[in-house]
Amino acid sequence: MVENKKKVQKAQQPSLFAKQLRIVFYTVFICITIVLLAVTLDLVINPSKTWTESLAIRWISEKREMFPFFK
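Residues numbered from 1 in each chain as written. Predicted model: local features only at pLDDT ≥ 70, side-chain atom pairs only at ≥ 80, totals over all residues. Heavy atoms only, no water.

A. Local environment of the overall build of the protein. A count of helical and extended segments in the protein gives three helices and zero strands. Secondary structure elements in the protein, listed N-terminal to C-terminal, are α-α-α. Per-residue burial over the protein gives 7% buried out of 71 residues. Looking at the protein as shown, the accessible area adds up to about 6800 Å², and 69% of this sits on carbon and sulfur atoms. (Helix = DSSP H or I, 4+ residues; strand = E, 2+ residues; numbered from the N terminus. Buried < 20%, exposed > 50% of the residue type's maximum accessible area, 1.4 Å probe, protein only. Areas by Shrake-Rupley, 256 points an atom, 1.4 Å probe, with all protein chains shown as cover.)

Quick look at the structure:
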C-alpha cells in the first residue's frame, strides 16, 4: 500500500523542467505587467505625452544602449 501511494505521488508531480518553465513564464509575465503599469501610470499623470515619451520607455531605451548587441 505505501509503495503504491509513493508511486502515485511521484507520477503526479510535475518535472523539474516544467517547474522551471513555469517560473520563467511567471517572471516574464510579471515584468511585462510592471512595465505596462508604469507606462500607463505615466501616461495618466501626463496625458500630453505619447507612449514613446514615457519615462519607463525612455529608461528601457537608455539601458538597452549599454549592451552592444542591441545597437
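B. Looking closely at the packing of aromatic side chains. On inspection of all chains with the given rule, the structure shows two aromatic pairs. Note on Phe-25 and Tyr-26: the rings are 5.8 Å apart at their centroids and 55° apart in plane angle, and the pair reads as tilted. Judged by relative accessible area, Tyr-26 falls into the partly exposed class, the value being 45%. Ring plane angle 20° and centroid distance 6.5 Å describe the contact between Phe-25 and Phe-29, whose orientation is recorded as stacked. Remark: Phe-29 and Phe-25 occur in helix α2 (residues 16–45); sequence separation between them is four residues, near one turn of the helix. The exposure classification of Phe-25 matches that of Phe-29, with both residues exposed. Each residue in the set Phe-25, Tyr-26 and Phe-29 is aromatic and connected to the rest through ring pairs, giving one cluster. (Phe/Tyr/Trp six-rings, centres within 6.5 Å; stacked < 30°, edge-to-face > 60°.)

C. Spatial organisation of the side chain of Asp-42. With respect to the helices, strands and loops of the structure, Asp-42 is situated in helix α2. By relative accessible area, which is 12% here, Asp-42 ends up buried. Leaving out residues up to four positions away in the same chain, Asp-42 has contacts with Lys-49, Ser-54 and Leu-55. (Contact = heavy atoms within 4.5 Å.)

D. The confidence of the model for the protein, seen in detail. The predicted model of the protein has a mean per-residue pLDDT of 80, with 82% of residues at 70 or higher. Confidence, read as mean pLDDT per element, is least for helix α1 (residues 2–12) in the protein (61) and greatest for α2 (91). (pLDDT = per-residue confidence, 0-100.)

E. Local environment of the packing of α2 against helix α3 (residues 55–64). One can describe the packing of α2 onto α3 by two numbers: an axis separation of 7 Å at closest approach and a directional angle of 130°. One finds that α2 runs oblique with respect to α3. Of the residues in α3, those in contact with Val-35, Ala-38, Val-39 and Asp-42 of α2 are Leu-55, Ala-56, Ile-57 and Ile-60. (Axes fitted to C-alpha atoms, helices over the stretch in contact; angles between N-to-C directions. Parallel < 35°, antiparallel > 145°, perpendicular 65-115°, else oblique.)

F. Focus on the environment of Val-39. Within the secondary structure, Val-39 sits in helix α2. Setting aside anything within four residues of it in sequence, one finds Val-39 in contact with Ser-54, Ala-56 and Ile-57.

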